[in-house]
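One letter stands for each residue in the lines below.
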Amino acid sequence: MHDELAGKSESASPLMSTYGGYTTTIVSGDGCVLVDDHGRRYLDFLGGISVVSLGHANNAIASALAEQAQTLVHVSNFFANPKALKLAEEIDLLLGGGGKVFFSNSGAEANEAAIKLARRYGARERFEIVSAVNGFHGRTLGALAATGQPAKQDPFRPLPEGFLHVPFNDLDAMREALDRPTVVAVLLEPIQAEAGIIDPLPGYLEAVAEMARDRSVLFIIDEVQTGLCRTGRWFGFEHFGLSPDIVTMAKALGNGVPIGATWAKSSVAQAFQPGDHGTTFGGGALASAAALAVLGEMKRLDLAERTASMGEYLRSALRLLPGVRALSGRGLLVGVELSEPRAQEVAKRALEAGLIVNALSADRLRLAPPLIVSTEEIDAAVTILRSVLT
Ligand SMILES: Cc1ncc(COP(=O)(O)O)c(C=O)c1O
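Residues numbered from 1 in each chain as written. Predicted model: local features only at pLDDT ≥ 70, side-chain atom pairs only at ≥ 80, totals over all residues. Heavy atoms only, no water.

Section: the site of the ligand
As a reminder, the rule being used: Throughout, the term near means that a residue has one or more heavy atoms lying within 4 Å of the molecule or strand in question. A 3.5 Å cut-off defines polar contacts: any pair of N or O atoms within that distance qualifies, except that in protein one atom must be a possible hydrogen donor and the other a possible acceptor, and neighbouring residues in sequence count only when both atoms are side-chain atoms. We get accessible surface area from the Shrake-Rupley algorithm with a probe of 1.4 Å; when it comes to residues, only the shown protein chains can shield them.
Around the ligand, the surrounding shell holds 13 residues, and the nearest of these are Gly 107, Ala 108, Asp 222, Gln 225 and Lys 251. Here Gly 107 contributes a backbone N or O atom positioned 2.8 Å from an oxygen atom of the ligand. Between the ligand and Ala 108 there is a distance of 2.8 Å, counted from an oxygen atom to a backbone nitrogen or oxygen. For the ligand, whose unbound accessible area comes to 390 Å², protein coverage reaches 81%.

Structure, rendered in structure tokens:
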């Protein structure tokens, strides 16, 4: 029965059928290029889904990992390690200082920590979290409860209570939700990534921030996909002049080495007491060393600035392609809206032609190449897309 459910090609796989069938097996990478088990090369314009911002097999990160692996990989959370302390300081500086950091291992866990911190802050009198319809915050039960997508939630009900969803970009609905005295926090992505790279309307996030501030509701920004230079700023919320109370990040922080982080203003962070939250691997020396190398490289390369200009270069070329109706997102997080619902077919044919992109819906493609991408690689990717779209 399981084989029937999983489908024929899946039945032979030792992996659970959570990701659909695999058609390609990747064995190595270098910069923006991936190589499969037949030696075929692909231009990776998905960057491991906004993860590998410094490119595959990055030397600085490999060296930091090798050195750390020979020094210290893990101690229990009964002890500090210098790499995690330094990394927390660096993240705090990027966010303006005056905050504290909790380390975990993924984006969902970074959001779980944010949700638990907000609830602790609300002291059981205020506990509800407001998030947006079609938003995506992860697959663990708490993060899934915040994820405004019934199709992903329904098979797993009952979900934890205390989560409300309002349509993205609808200020009246947000105001009504935030007026509830039991609401402790609002949790939003600055650009809805998984939903199709949906931009906030001008003034929306700023108005939500003001409403939250007026009601002493915490503003949590999920920067798991948009954070760390991806949109042409260190964090996506910077485009909107926000000053969030809690910021979550993961994906690009380790360039593929699993690490998540939850930053909060000190006045909020102090709500967590010893024993309130924890995870065995969070803030481990190895992942922290990788993340320190990532932040160091991002600074050295002035990557936010570079991403903004490369994003413009890519967008100017994409705008000229046949069948492209509109572009969304910022920097190198690019939504390509097609004039026909053929995103799946375009992504499949692009892969056959040696270019990795993905379809987020029937008519939306996502491009999120490593941020070190060159103009030559952008030209090559656009040439493939043109031939597929024509
Ligand atoms: C905005 C956002 N939040 C959270 C997550 C979940 O992260 P993870 O898959 O590392 O748990 C994702 C993953 O795509 C995401 O895009």
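Remarks on the sheet that holds strand 9 (residues 246-249)
Operational definition: Strand pairing is assigned whenever DSSP identifies at least 2 bridges connecting the two strands. In DSSP terms, a helix is any run of H or I states spanning at least four residues, a strand is any run of E spanning at least two, and both are numbered starting from the N terminus. Structural elements are reduced to axes, namely lines fitted to C-alpha atoms, with helices fitted over the stretch in contact, and the angle between N-to-C directions of any two is expressed from 0 to 180 degrees. Note on contacts: a residue pair is in contact if any heavy atoms of the two residues lie within 4.5 Å.
Strand order across the open sheet formed by 7 strands is 4-10-9-8-7-5-6, with mixed pairing between neighbours. Looking at the sheet topology across the chains shown, the edges are occupied by strand 4 (99-104) and strand 6 (163-166). In this sheet, adjacent strand axes meet at a mean angle of 20° when their direction is disregarded. On the sheet, helix 10 (residues 204-214) packs against strand 7 (183-188) and strand 8 (218-222) and is oriented at approximately 165° with respect to strand 7.

Description of the pairing of strand 7
Just so we agree on the cut-off: Classification of residues uses two cut-offs on accessible area relative to the type maximum, computed with a 1.4 Å probe and protein chains only: under 20% is buried, over 50% is exposed, and between them is partly exposed. The handedness rule is simple: strands pointing away from the viewer, and a clockwise path from the first strand over the helix to the second, make the crossover right-handed.
In terms of burial, strand 7 is a largely internal element, 6 of the 6 residues being buried. With 4 bridges connecting them, strand 5 (residues 128-132) and strand 7 associate as parallel partners. The residue of strand 7 that forms the bridge with Val 130 is Val 186. You can see the chain leave strand 7, run along helix 10 and come back into strand 8, and the turn it takes is right-handed.

Topic: the domain arrangement of the protein chain
The condition is simple: For the domain bounds, the source is a domain assignment made automatically or taken from a database. Values labelled buried area give the accessible surface lost by two parts on being combined, using a 1.4 Å probe and summing over both. One speaks of a salt bridge when a side-chain nitrogen belonging to Lys or Arg is within 4 Å of a carboxyl oxygen belonging to Asp or Glu.
Looking at the protein chain, the domain boundaries give domain 1 (14-55 + 304-389) and domain 2 (59-300). Computed from C-alpha atoms alone, the centre-to-centre distance between domain 1 and domain 2 is 25 Å. Between domain 1 and domain 2, the contact holds 25 residues from the first and 26 residues from the second. Interface area, domain 1 with domain 2, both sides summed: about 2000 Å², of which 59% is carbon and sulfur. When the buried surface of domain 1 facing domain 2 is broken down by residue, Leu 54, Arg 330 and Leu 333 rank first, second and third, together holding 32% of it. Glu 194 is the salt-bridge partner of Arg 366, the closest N and O atoms lying 2.6 Å from each other. Counting every contact that joins domain 1 to domain 2 gives 16 residue pairs in polar contact (both at pLDDT 80 or more). Elements represented by at least two residues in the side of domain 1 that touches domain 2 include exactly helix 3 (47-50), helix 13 (303-319), strand 11 (324-330), strand 12 (333-338) and strand 15 (364-367).

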